[in-house]
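Residue-level structure breakdown
Chain residues, written in single-letter form:
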Amino acid sequence: MLRAELHVHSSLSDGRDSVRKILEAALEKGINVISITDHDTVQGSLEAIDIVSEEQLPLKVLPGCEVTASTGHVLVYGVVKDIEPKMSVEETFIAAREHGGVCFLAHPFDFIRKGSVRLKDFHTVDGIETFNAKSCFNFLARRYAKKLSKPEIAGSDAHSARAVGVAVNYLPEEADLLRSLFHARYDGRRVSIRERLAFLLFRLNRRL
Ligand SMILES: [Zn+2]
Ligand SMILES: [Zn+2]
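These remarks concern the structure in this document. Worth saying up front: this structure is predicted, and the values here are computed from it rather than measured. (Residues numbered from 1 in each chain as written. Chains lettered and ligands numbered in written order. Predicted model: local features only at pLDDT ≥ 70, side-chain atom pairs only at ≥ 80, totals over all residues.)

**Topic: the nonpolar core**
- Core analysis: the biggest nonpolar cluster contains 54 residues, and I22, I34, V74, V76, V125 and V164 have the highest contact counts within it.
- Excluding residues that lie within four positions of it along the chain, I34 makes contacts with E5, V8, L23, A26, A48, L59 and V61. (Core = buried A, V, L, I, M, F, W, Y, C linked by C-beta atoms within 7 Å. Buried ≥ 20, exposed ≤ 12 C-beta atoms within 10 Å, placed from the backbone. Contact = placed C-beta atoms within 7 Å.)

**What to know about unusual backbone geometry**
- Positive phi, close to 50 degrees, is recorded for Q56, a residue that is not glycine.
- Residues other than glycine seldom take positive phi values, yet K114 does so here, at roughly 60 degrees.
- With respect to the helices, strands and loops of the structure, K114 is situated in the loop between β6 (102-105) and α4 (119-124). (Helix = DSSP H or I, 4+ residues; strand = E, 2+ residues; numbered from the N terminus.)

**Quick notes on the sheet that holds strand β2 (residues 33-36)**
- Spatially, the five strands line up as an open sheet ordered β3-β2-β1-β9-β10, and their pairing is mixed. Both outer strands of the open sheet, β3 (60-61) and β10 (185-188), are each paired with one neighbouring strand and no more.
- In the sheet, strand β9 (residues 167-171) pairs with β10 via four bridges, with the strands oriented antiparallel. Across the sheet, A167 pairs through a bridge with G188, a residue of β10.
- Relative to β2, helix α1 (residues 19-28) is tilted by about 155 degrees, and along the sheet it contacts β1 (2-8) and β2. (Pairing = 2+ DSSP bridges. Axes fitted to C-alpha atoms, helices over the stretch in contact; angles between N-to-C directions.)

Shown next as structure tokens:
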């Protein structure tokens, strides 16, 4: 089994830390597979691929991003080109497919975090993030994923190196890493209010 962190933001979108710092944290925490899922850009993933190959780090990078579709956030894996934001989930799915990627709805039902609340979107995507460490709506996401027999993954939605590995997926060691997402199992804990407040304060300070 491979331990995979599938939802992290770097300083290339709204995260606190550099891609390098995130990779170091992942290695420290015994992560084998990481996806840097910055908002609407694969830049973080591309940087991670470069660092890992140049320094021959014992880490697999699954390229990805979190696309802002018109009705909610979509985690796209397996793409090395940016996908245009603000398209419908259907159009996002088609674009991802064209680039060889797969789509998972991010934190669905969590309208505060721009998660989709449209059942149609559940039908469209390949799978669902049914555990998001920041969301209170995981129970609903899980219920609908089960109802529709959709593959499930977990995400830390880490915005700092420290939060990497809060939610870990266990992937079977298959030849095709992307396909192995469809057979993921996971473990995770909700991020405490204290940790979330610390991050909000950091964001506020940066804005001032
Ligand atoms: Zn999101
Ligand atoms: Zn996110």
